[in-house]
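A structural walkthrough
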Amino acid sequence: MMRMFAAAGLVLALALSVPTMAPAQDALGAAKAAGQIGERPDGLVGAVPGAPAAAAQLAEQVNAQRLARYREIAGSNGTSVDQVQALAGKQLIERTPAGQYVLSGGRWVRK
């Protein structure tokens, strides 16, 4: 259980501190604020229906970066990638500001 909590803390610390992700994070913040991209329970992001193709491309780029980090964290903590993703997803959805989209029960909803 302690590994799970440590992994969750590392997920966000790594995701927010990696300089190479900064441009994608800036674009991600703008797309989320515009209602084009939302957080998913699996720690990834998705393009909200009706979003432009650029939003889907950005989601793919961000997800590739996140998955790479999740794999590193899982390996370092002796846990599965699925567990790291689930913890990250929970934290990211909790931190999503009101008015932005999250995937809940298979549907995109404004928080």
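The protein chain is annotated in an unreviewed UniProt entry as DUF1318 domain-containing protein from Azospirillum brasilense.

1. Here's the deal with the overall build of the protein chain
The helix and strand inventory of the protein chain stands at 4 helices and 4 strands. Taken from the N to the C terminus, the helices and strands of the protein chain come in the order α-α-β-β-α-α-β-β. Burial analysis of the protein chain (111 residues in total) assigns 40% to the buried set. When contacts within the protein chain are restricted to residue pairs at least 6 apart in sequence, those whose partners lie at least 24 apart make up 53%. Accessible area of the protein chain: about 5,900 Å², with a carbon and sulfur share of 59%.

2. Things to note about the environment of glycine 105
By the element assignment, glycine 105 lies in the loop between strand S3 (101–104) and strand S4 (107–110). Residues glycine 105 and proline 41, spaced 64 residues apart in sequence, show a C-alpha to C-alpha distance of 9.5 Å.

3. With respect to the nonpolar core
The biggest cluster of nonpolar side chains holds 8 residues, and these are Leu28, Ala31, Ile37, Val45, Ala55, Leu58, Ala59 and Val62. Every element with two or more residues in this core is listed here: helix H2 (22–33) and helix H3 (53–77). With 7 residues, the next largest nonpolar core counts Tyr70, Ala74, Val84 and Leu92 among its residues.

4. As for the confidence of the model for the protein chain
Summing up the model confidence of the protein chain, the mean pLDDT is 87 and the portion of residues at 70 or higher is 78%. Counted against residues more than four places away or in other chains, residues 15–20, with its pLDDT under 50, gives 5 contacts.

About the thresholds
Residues numbered from 1 in each chain as written. Predicted model: local features only at pLDDT ≥ 70, side-chain atom pairs only at ≥ 80, totals over all residues. Heavy atoms only, no water. Helix = DSSP H or I, 4+ residues; strand = E, 2+ residues; numbered from the N terminus. Buried < 20%, exposed > 50% of the residue type's maximum accessible area, 1.4 Å probe, protein only. Contact = heavy atoms within 4.5 Å. Areas by Shrake-Rupley, 256 points an atom, 1.4 Å probe, with all protein chains shown as cover. Core = buried A, V, L, I, M, F, W, Y, C linked by side-chain atoms within 4.5 Å. pLDDT = per-residue confidence, 0-100.

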